[in-house]
Amino acid sequence: MHEEDHGFLAVFKWGLSMRLKQARDARCTDSSTPVKTRVVLHCPGFEPLDSRDHHARYKRSAAQSGRTWGLDVAVGEFVQDRLSACFDVSCQDGLHVTKSRIYILDHFSLVAALTEKSIWKQTHSGYISAARVVWEGGMVSYFRHAWRFGLFFLFPFLLMTSVVAVCALTALLPALLYSEPLNYLWSLPCALALLKFVLPPLLEKFHTLHLFADWTLAIAIARLDNREVNSWMVTCRANAREALKEAADEYVTSSHSMGSAIAAYVIGTLLDEDPDLFRGKRVVFVTLGGAILQCSLMKSATTLRACVGRIARAEDVFWLEIQCLTDSIHFYKSRVVSLAGHPDAKQASIEFIRVKRLVSAERYRRIKRDFLRVHRQYVLGSDRRSNFDFTVMTAGPLPASLGGKYAPIDDAARKSTPNAPTGIRK
């Protein structure tokens, strides 16, 4: 064969591969046909809520978002059996009805086990976890790629250390001031009073012990050296495998915060077992304020980083990251796939939202200084029409790949186009 023929074949193969890639991307993002049926696997963040609580929250949020977007959203009863917890959602937009089944892959049992310990056991576990994060290079990487997340890591430990230091200084004041030993009669009770009456409310206000437990779980996910966590991951993977067997137009894996690392592990290991798991399906992998890098930037997280690579390279998976500037508990503008060690793989598509555009001005004034409440807004109902809504993404008529690209239709536009969807357009 002549050299020119080799060149022609190479160009032909390249052109064919590009056309196939464009066809796959079009299938993932095609919005010409409304979604009729959808299966959603949702991995919540690190919160003390079980599946039933998440169902109740979703029901409240769906009612709120339905009013905002002019959608008729009906959330079905919560159903739980030995293997799964799920509920059905029906969303009517004009004449079109979308049926979604949402599976909740919550890790409440892990959260409860970590947060029900005594204050001193939680403190001990938290500081051990912090030391491991530093040892594994996590803290340096946080400040290198998302300095606000680095501050989020340091905050609870600096707060606890500062309060304990103040208590210790109060107890030792007589010695520091070279005063009479009798002064210990007031300094020690004052120190104990600070520990008993000041420390607990302060820790609760700033969610300090909750964050300690969060870092303990992050280390367990990175290292995969905790038997209870590993066992739960196996169960979670089995539940996801069964849910994905259902027939649907679209399959969505949505995850929030810490749940993003869990979702990446579950989907990544399923793809390792069966690389053709999603062949021919429309699959969207969505992370909401995702914290995959919280775990994957640690040296020991080799399995998690491999899972990230498998998802990114899966031809039928569209990866969407929803990020927000005012949310400090994620890696804003970071390229997760590349930072997880796969710069040559297809990178996740990033869409940016603003919390102040999702909620009313009054609500935003109330929540803007509560960093955990702002972080939860990804999965809550909206007061205003903006470019994103969790209910619309998981239950609405548009493909989930368009999350972050919604263009609200105002009343004037809807009157001029009577056949348009009630509240949204692509």
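Draft legend 1. Region of the structure containing the overall build of the protein. For the protein, the count of helices and strands is 19 helices and 11 strands. With 426 residues in all, the protein has 51% of them scored as buried. Put simply, of all contacts in the protein between residues at least 6 apart along the chain, 74% involve residues at least 24 apart. A total of about 20300 Å² of accessible surface is found on the protein, and carbon and sulfur atoms cover 59% of it.

Draft legend 2. Structural context of empty space enclosed by the protein. In this structure the tally under the stated criterion is four cavities of 30 Å³ or more. In terms of lining, the largest cavity is formed by 13 residues, of which the most central are His42, His54, Arg57, Val379 and Phe390. The set of elements that each furnish at least two residues to the lining of the largest cavity consists of α2 (51-69) and β5 (96-104). For the lining of the largest cavity, the element with the highest residue contribution is α2, accounting for three residues.

Draft legend 3. Representation of the pairing of strand β4 (residues 85-93). The element β4 is largely enclosed, with a buried count of seven among its nine residues. With four bridges joining them, strand β2 (residues 72-75) and β4 adopt antiparallel strand pairing. Directly across from Val75, in β4, lies its bridge partner Val89. In the sheet, β4 pairs with β5 via eight bridges, with the strands oriented antiparallel. Among the inter-strand pairings, Ser90 is bridged to a residue of β5, identified as Lys99. In sequence, β4 turns back onto β5 through a hairpin of two residues, with Gly94 there showing a positive phi of about 70°.

Draft legend 4. Broad picture of unusual backbone geometry. Backbone geometry at Tyr178 places phi at a positive 55°, although glycine is not the residue there. Tracing the backbone shows Tyr178 in the loop between α7 (173-176) and α8 (184-205). Notably, His207 is not glycine yet its phi reads approximately 55°, a positive angle. Here His207 lies in the loop between α8 and α9 (208-223). Overall, His207 belongs to the partly exposed group, its relative accessible area being 25%.

Draft legend 5. Summary view of the confidence of the model for the protein. Here the protein shows a mean pLDDT of 88. Residues at 70 or above account for 88%. Contacts for the low-pLDDT stretch residues 1-29, under 50 throughout, to residues beyond four places or in other chains number 18 contacts. Every residue in residues 410-422 is under pLDDT 50, and counting partners more than four places away or in other chains gives 13 contacts.

Draft legend 6. Structural detail: a nonpolar patch on the surface. Taken together, the side chains of Leu169, Leu172, Leu176 and Leu177 present a nonpolar region at the surface, about 400 Å² in accessible area. Considering the arrangement of structural elements, one finds Leu177 in the loop between α7 and α8.

Draft legend 7. Representation of α9 in the model. Taking 1.5 Å per residue, 16 residues should reach 22 Å; α9 reaches 23 Å between its end C-alpha atoms and fits that length. Buried residues dominate α9, accounting for 14 of its 16 residues.

Draft legend 8. Expanded view of the pattern of salt bridges. With the rule as written, the count across this model stands at 14 salt bridges. A salt bridge links Arg310 to Asp272; the shortest N-O distance between them is 3.6 Å. Of this pair, Arg310 sits in helix α13 (residues 302-313) while Asp272 sits in helix α11 (residues 259-273); the two residues are 38 residues apart in sequence, bridging distant segments of the chain. For Asp272, a relative accessible area of 49% translates into the label partly exposed. Salt-bridge contacts for Asp276 lead to Arg279; the nearest nitrogen and oxygen are separated by 2.7 Å. You can call Asp276 partly exposed: its relative accessible area is 43%. Here Arg279 falls in the exposed class, since its relative accessible area comes to 54%. Counted as one network, the salt bridges with shared partners bring together Asp88, Arg101 and Glu246.

Draft legend 9. Just the nonpolar core, in detail. Tyr142, Trp215 and Trp319 are the most contacted members of the largest nonpolar core, which has 79 residues in total. Take this core: its biggest share by element is 11 residues, from α9. Contact partners of Tyr142, with chain neighbours within four places excluded, come to Val133, Trp147, Phe149, Gly150, Phe153, Trp215, Leu293, Gln294, Leu297, Met298 and Phe331. Ranked by size, the runner-up nonpolar core spans 38 residues in total, among them Val89, Phe318, Tyr378 and Ala395.

Draft legend 10. A look at the packing of aromatic side chains. A complete count under the given rule lists 21 aromatic pairs for this structure. Judged by centre distance (4.7 Å) and plane angle (10°), the ring pair of Phe157 and Phe212 falls under stacked. Here the residue Phe157 occupies a position in helix α6 (residues 147-171), and Phe212 occupies one in helix α9, the gap between them amounting to 55 residues. Exposure remark for Phe212: the relative accessible area of 0% places this residue in the buried category. Following the ring pairs from residue to residue traces out a cluster consisting of Tyr127, Tyr142, Phe149, Phe152, Phe153, Phe155, Phe157, Phe206, Phe212, Trp215, Phe331 and Phe371. One residue, Lys281, lies across the ring of Tyr251, its end atom 4.7 Å from the ring centre.

Draft legend 11. Structural context of the side chain of Gln122. Among the secondary structure elements, Gln122 is positioned in helix α4 (residues 119-135). Exposure remark for Gln122: the relative accessible area of 8% places this residue in the buried category. With sequence-adjacent residues up to four places away left out, Gln122 is seen in contact with Leu114, Thr115, Lys117, Leu209 and Phe212.

About the cut-offs
Residues numbered from 1 in each chain as written. Predicted model: local features only at pLDDT ≥ 70, side-chain atom pairs only at ≥ 80, totals over all residues. Heavy atoms only, no water. Helix = DSSP H or I, 4+ residues; strand = E, 2+ residues; numbered from the N terminus. Buried < 20%, exposed > 50% of the residue type's maximum accessible area, 1.4 Å probe, protein only. Contact = heavy atoms within 4.5 Å. Areas by Shrake-Rupley, 256 points an atom, 1.4 Å probe, with all protein chains shown as cover. 1 Å grid on protein atoms, 1.4 Å probe; cavity = no way out; pocket = protein on both sides within 12 Å on 5 of 7 lines; lining within 4 Å. Points joined across faces, edges and corners; volume = space filled by probe spheres on them. Pairing = 2+ DSSP bridges. pLDDT = per-residue confidence, 0-100. Patch = residues over 30% accessible without salt bridge, like charges linked within 9 Å, V, L, I, M, F, W, Y side chains within 5 Å. Salt bridge = Lys/Arg side-chain N within 4 Å of Asp/Glu carboxyl O. Expected span 1.5 Å × (residues − 1). Core = buried A, V, L, I, M, F, W, Y, C linked by side-chain atoms within 4.5 Å. Phe/Tyr/Trp six-rings, centres within 6.5 Å; stacked < 30°, edge-to-face > 60°. Lys NZ or Arg CZ within 6 Å of the ring centre and 35° of its normal.

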